[in-house]
Amino acid sequence: MKADRWAELVSLARESVPGEATEMPSGFADRVLREVRRDPAAAPSASKILEWLLPRAAGFATAAFAAALLFAYLGGVFDSSGQDELTRQLVSALSVGAEL
Amino acid sequence: MADERIDRALQGDEDAARQLMEAYYPNVIRIVRAHLPSRTLEEDLAQEIFVKVFRNLGSYEAKVPLEHWIARIAVRTCIDRIRYEKRRPEMRFGDLRNEEHATLIELGEPSHEPRPDRASAAKELVVKLLRCLKPEDRFVLVSLDMEGWSVKEVCERTGWRESMVKVRAFRARQRLRRELERLEAGR
């Protein structure tokens, strides 16, 4: 019968398992308690941030787009040389957006 | 059995929390050391486990001994960490160091005598082979074969059913035997 290599290998490997100390290192409990005291709600996890952010993403994108258009429009109004092609297009897009 | 240190710790008594850590640290660190994924500092992992223990202590219902409840948190944390490690689908003879080659060749000889000086190479070989397994299977095999836990102890510390532990162990051993045969054939 073929020898069980895995069993033999494990049996040999177990001889190398050292009997290491298992005492708690000094300062360990303090570090754990300091961490526990920190309110997990005060430091939200990435998933919580995403949970809050995702439903608002469309709103943020719309607001950012509107702000960009407004700046472009104001830039056009205050530009003494008149509106350049890009500003005209943006103002036009703003008007369309306002009508919608 | 009710442990009054739990109630005191829940009420914010840090001395009680320290006593609990002092009492259960040896169990936790043994689990961490046995299953520690490479490049992970054992103390950091033990700290993460105790933080989870104290943050969830309010949900402990004493249905199992506190020792087992803490062990389950430790086991889950270790398995999650093992998941982050890159699993190697298979190992090649060329991946082994000289001493590991020699250990493997000696094991294959018909009338070989175990050599204690090969123990450390054998352990490294075992660690490399275990990387081929799924995290749960690896956990079961290390617990049973390396740590010498009984199936009942694995069940108590994981909350898994006995049949599940046995199936995982059987499947994992089969897989590693095949892996060893494949390594020998490829040398």
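Every residue gets a number counted from 1 within its own chain, in the order that chain's sequence is written. Starting at A for chains and at 1 for ligands, labels are handed out in the order in which the entities are written. Per-residue local features are limited, in this predicted model, to residues with pLDDT of at least 70; the limit for side-chain atom pairs, both in listing and counting, is 80 or more; totals at the level of whole chains, interfaces and linings are taken over all residues. Side-chain metrics in this entry use all non-hydrogen atoms of the structure; hydrogen atoms and water are not considered.

**A look at the overall build of chain A**
Secondary structure elements follow DSSP: runs of H or I of four or more residues count as helices, runs of E of two or more count as strands, with numbering from the N terminus. Each helix and strand in chain A was counted, giving four helices and zero strands. Counting from the amino terminus, chain A carries its helices and strands in the arrangement α-α-α-α. Taking all 100 residues of chain A together, 17% fall into the buried category. In this description, accessible areas are obtained by the Shrake-Rupley approach with a 1.4 Å probe, and a residue is regarded as covered only by the protein chains that are shown. A total accessible area of about 7300 Å² is found for chain A, and carbon and sulfur atoms account for 63% of it. Residue burial is assigned from relative accessible area. The probe radius is 1.4 Å, only protein chains are included, and a residue is buried under 20% of its type maximum, exposed over 50%, and partly exposed in between.

**Looking at the overall build of chain B**
Helices and strands together make up the secondary structure of chain B, namely nine helices and zero strands. Counting only residues that meet the buried cut, chain B has 47% of its 187 residues in that class. At a minimum sequence separation of 6, the contacts of chain B that also span at least 24 residues come to 62%. With the model as given, the accessible surface of chain B reaches about 9900 Å², and the carbon-plus-sulfur share is 48%. Note on definitions: a residue-residue contact is assigned when non-hydrogen atoms from the two residues lie within 4.5 Å.

**Details of the nonpolar core**
Judged by nonpolar contacts, the single largest core of 44 residues is most densely connected at A:Phe28, B:Met21, B:Phe50, B:Phe54, B:Leu57, B:Leu66 and B:Trp69. Those elements that place two or more of their residues in this core are helix 2 (28–37) of chain A together with helix 1 (4–10), helix 2 (14–35), helix 3 (42–56), helix 4 (66–84), helix 7 (135–146), helix 8 (151–158) and helix 9 (162–185) of chain B. No other element matches helix 2 of chain B, which puts 10 residues into this core. Once you skip the residues sitting within four places of it in the chain, B:Phe50 turns out to touch A:Phe28, A:Val32, B:Met21, B:Tyr24, B:Tyr25 and B:Val28. For our purposes a nonpolar core is just a set of buried Ala, Val, Leu, Ile, Met, Phe, Trp, Tyr and Cys residues, chained together by side-chain atoms within 4.5 Å. Within the second largest apolar cluster, 23 residues are counted, among which are B:Phe93, B:Leu104, B:Leu129 and B:Leu133.

**Remarks on the interface of chain B and chain A**
Listed by partner, the interface residues are 43 residues for chain B and 30 residues for chain A. Think of a salt bridge as a Lys or Arg side-chain nitrogen and an Asp or Glu carboxyl oxygen that are within 4 Å of each other. Applying the counting criterion to the chain B and chain A interface returns four salt bridges. One salt bridge connects A:Arg31 with B:Glu43, and the closest N-O pair in it is separated by 2.3 Å. Here a polar contact means two N or O atoms within 3.5 Å. Within protein one must be a hydrogen donor candidate and the other an acceptor candidate, and residues neighboring in sequence count only if both atoms are side-chain atoms. There are eight residue pairs in polar contact (both at pLDDT 80 or more) connecting chain B and chain A. Among the elements of the structure, helix 2, helix 3, helix 5 (98–108), helix 6 (119–130), helix 7 and helix 9 of chain B are those that each provide at least two residues to the side of chain B that touches chain A. When residues in the side of chain B that touches chain A are grouped by element, the largest group, 10 residues, is from helix 2 of chain B. Residues are grouped as follows: Ala, Val, Leu, Ile, Met, Phe, Trp, Tyr, Cys and Pro are nonpolar; Asp, Glu, Lys and Arg are charged; every other residue, Gly included, is polar. Considering only residue class, the side of chain B that touches chain A consists of 22 nonpolar, six polar and 15 charged.

**Looking at helix 8 of chain B**
All names here are of chain B. The set of residues buried in helix 8 consists of Val154, Cys155, Arg157 and Thr158. On its buried side, helix 8 packs onto helix 4, helix 7 and helix 9. Just beyond helix 8, the residue with positive phi is Gly159, at close to 85°.

**Topic: the environment of B:Leu20**
Residue and element names in this part refer to chain B. Mapping Leu20 onto the fold places it in helix 2. In sequence terms Leu20 and Ile6 are 14 residues apart; their C-alpha atoms lie 7.9 Å from each other. Residues within four places of Leu20 in sequence aside, it is in contact with Asp3, Arg5, Ile6, Ala9, Phe54, Leu57 and Leu66.

**Some thoughts on the confidence of the model for chain B**
Confidence of the predictor at the level of single residues is captured by pLDDT, which takes values from 0 to 100. Within chain B, residue pLDDT values average 86, and 94% of them lie at 70 or more. Scored as a whole, the predicted complex attains pTM 0.68, and scored at its interfaces, ipTM 0.75.

**A short note on the confidence of the model for chain A**
For chain A, per-residue confidence averages 74 on the pLDDT scale, and residues scoring 70 or more make up 59% of the total. Helix 2 of chain A holds the highest mean pLDDT among the elements of chain A, 93, whereas helix 4 (residues 85–99) of chain A holds the lowest, 69.

**Observations regarding the pattern of salt bridges**
As enumerated under the stated definition, the model contains 26 salt bridges over all chains in all. Between A:Arg37 and B:Glu14 there is a salt bridge, with the nearest N and O atoms lying 2.8 Å from each other. Of this pair, A:Arg37 sits in helix 2 while B:Glu14 is found in helix 2, placing the two residues in two different chains. Looking at A:Arg37, the relative accessible area reads 52%, which means it is exposed. In this structure B:Glu14 comes out as partly exposed when scored by relative accessible area, which is 28%. The salt bridge partner of B:Glu61 is B:Lys63, with a shortest N-O separation of 3.1 Å. Like B:Lys63, B:Glu61 is exposed. One network of salt bridges, with partners in common, ties together A:Asp30, A:Arg37, B:Glu14 and B:Arg18.

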